Amino acid sequence: MSYLDICIIGWNLNALMFVVNFLIAIRVISTQDRSKLHEESLVLKELKEELEIYYPYRTYITILTYVIPFTAFFRMSFRLIEMFFFFQKNQNAKMFDYMVYKYSYDIEKAKNSDK
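Once a new chain begins, its residue numbering starts again from 1 and follows that chain's sequence as written. Thresholds applied to this predicted model are a pLDDT of at least 70 for local features of residues and 80 or more for the giving and counting of side-chain atom pairs; totals over whole chains, interfaces and linings are not thresholded and use all residues. Hydrogens and water molecules were not included; the side-chain quantities draw on all heavy atoms of the structure.

> How should I be thinking about the packing of aromatic side chains in this particular structure?
In this description, a pair of aromatic rings is defined by centroid distance and the angle of the planes. Under the pairing criterion, centres of Phe, Tyr and Trp rings, with the six-membered ring standing for Trp, must be within 6.5 Å; the plane angle then separates stacked pairs below 30 degrees from edge-to-face pairs above 60, leaving the rest tilted. Inspection of every chain in the model, using the stated rule, returns 11 aromatic pairs. With 6.5 Å between their ring centres and 35 degrees between their planes, Y57 and Y60 make a pair best called tilted. Here the two residues Y57 and Y60 agree in accessibility, since each one is exposed. Measuring from centroid to centroid gives 6.2 Å for F70 and F74, while their planes differ by 25 degrees, and the two rings are stacked. Owing to a relative accessible area of 52%, F74 belongs among the exposed residues under this scheme. Relative accessible area decides the class of each residue, using a 1.4 Å probe on protein chains only: under 20% of the type maximum gives buried, over 50% gives exposed, and in between gives partly exposed.

What follows is the structure, encoded as structure tokens:
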């Protein structure tokens, strides 16, 4: 197996994780009421703006992970496992609750690392 073959497999796995991520987003959006989605998106927007203060290049890093073979696959696999355990621990939680938790956790971690 050549290096090119390995890279192609890595990019295919990254593409698979992109599709999985997209399907999760579509599933969450389709099960919610439009007004509730709008309220949740405003809360998430505020958290995202605060997070971007600490991680200004976060969008570029996300794009870069899909370009580098296997990186998005491992990153998304870890995130899916993290989600699974979050939902196991919090039985009645929704994706919104997980996203608020994740943004809040990352913001707190960044604040503590600045000290």
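Next comes the rest of the account.
> Got a minute to help me understand helix α1 (residues 3-30) in this structure?
Since one α-helical turn is 3.6 residues long, residues separated by three or four positions face the same way. By definition, any uninterrupted DSSP run of H or I lasting at least four residues is a helix, any uninterrupted run of E lasting at least two residues is a strand, and each is numbered from the N terminus. A helix is expected to span 1.5 Å multiplied by its residue count minus one. Between its terminal C-alpha atoms α1 stretches 40 Å, which fits the 40 Å expected from 28 residues at 1.5 Å a residue. Along α1, the positions that sit buried rather than exposed are G10, N14 and M17. Here, two residues are considered to be in contact whenever any of their heavy atoms come within 4.5 Å of each other. Where α1 is buried, its residues meet α3 (58-67) and α4 (71-89).

> Looking at this structure, how should I read the pattern of salt bridges?
Opposite charge on two side chains permits them to pair, given that their charged atoms come into close proximity. Take a side-chain nitrogen of Lys or Arg and a carboxyl oxygen of Asp or Glu: if they are within 4 Å of each other, that pair is a salt bridge. For the structure on display, the rule yields 5 salt bridges. The closest approach of N and O atoms between K111 and E50, which form a salt bridge, is 3.4 Å. With K111 in helix α5 (residues 95-114) and E50 in helix α2 (residues 34-54), this residue pair connects regions lying 61 residues apart in the sequence. Exposure remark for E50: the relative accessible area of 28% places this residue in the partly exposed category. Taken together, the salt bridges that share partners define one network made up of R79, E82, K102 and D106.

> Looking at this structure, how should I read the environment of L23?
Within the fold, L23 resides in helix α1. Taking the C-alpha atoms as reference points, L23 and F78, 55 residues apart in sequence, are found 17 Å from one another.

> Would you explain the nonpolar core in this entry?
For soluble globular proteins, nonpolar side chains are generally found buried alongside one another. Counting residues in hydrophobic clusters, the biggest one holds 6 residues: L44, L47, L51, F96, Y103 and I107. Going through the elements one at a time, α2 and α5 are the ones with two or more residues in this core. Discounting residues that sit within four places of it in the chain, L47 has contacts with V100, Y103, S104 and I107. Nonpolar core, defined: a set of buried Ala, Val, Leu, Ile, Met, Phe, Trp, Tyr and Cys residues in which side-chain atoms within 4.5 Å join the residues together.

> Sorry if this is basic, but what is going on with the packing of α1 against α3 here?
A pair of packed helices is captured by two measures, namely the crossing angle of their axes and the spacing between those axes. Packing of α1 against α3 leaves a shortest axis separation of 8 Å and a crossing angle of 130 degrees. Viewed along their axes, α1 and α3 adopt a mutual orientation that is oblique. Contacts between α1 and α3 involve W11, N14, F18 and N21 from the former and T65, Y66 and V67 from the latter. In terms of residue class, the contact of α1 with α3 is built from 4 nonpolar, 3 polar and no charged. Axis lines are fitted through C-alpha atoms, for helices just across the contact stretch, and the angle between N-to-C directions can take any value from 0 to 180 degrees. Any angle from 65 to 115 degrees is called roughly perpendicular, while one under 35 is roughly parallel, one over 145 is roughly antiparallel, and all others are oblique. Amino acids are sorted into nonpolar (Ala, Val, Leu, Ile, Met, Phe, Trp, Tyr, Cys and Pro), charged (Asp, Glu, Lys and Arg) and polar (every other residue, Gly among them).

> Could you clarify how one ought to interpret the side chain of K102 in this entry?
Examined against the element boundaries, K102 turns out to sit in helix α5. The class for K102 is buried, based on a relative accessible area of 12%. In this view, K102 contacts R79 and E82; residues no more than four positions away in its chain are not counted.

By themselves, these are just geometric observations and shouldn't be taken as functional.
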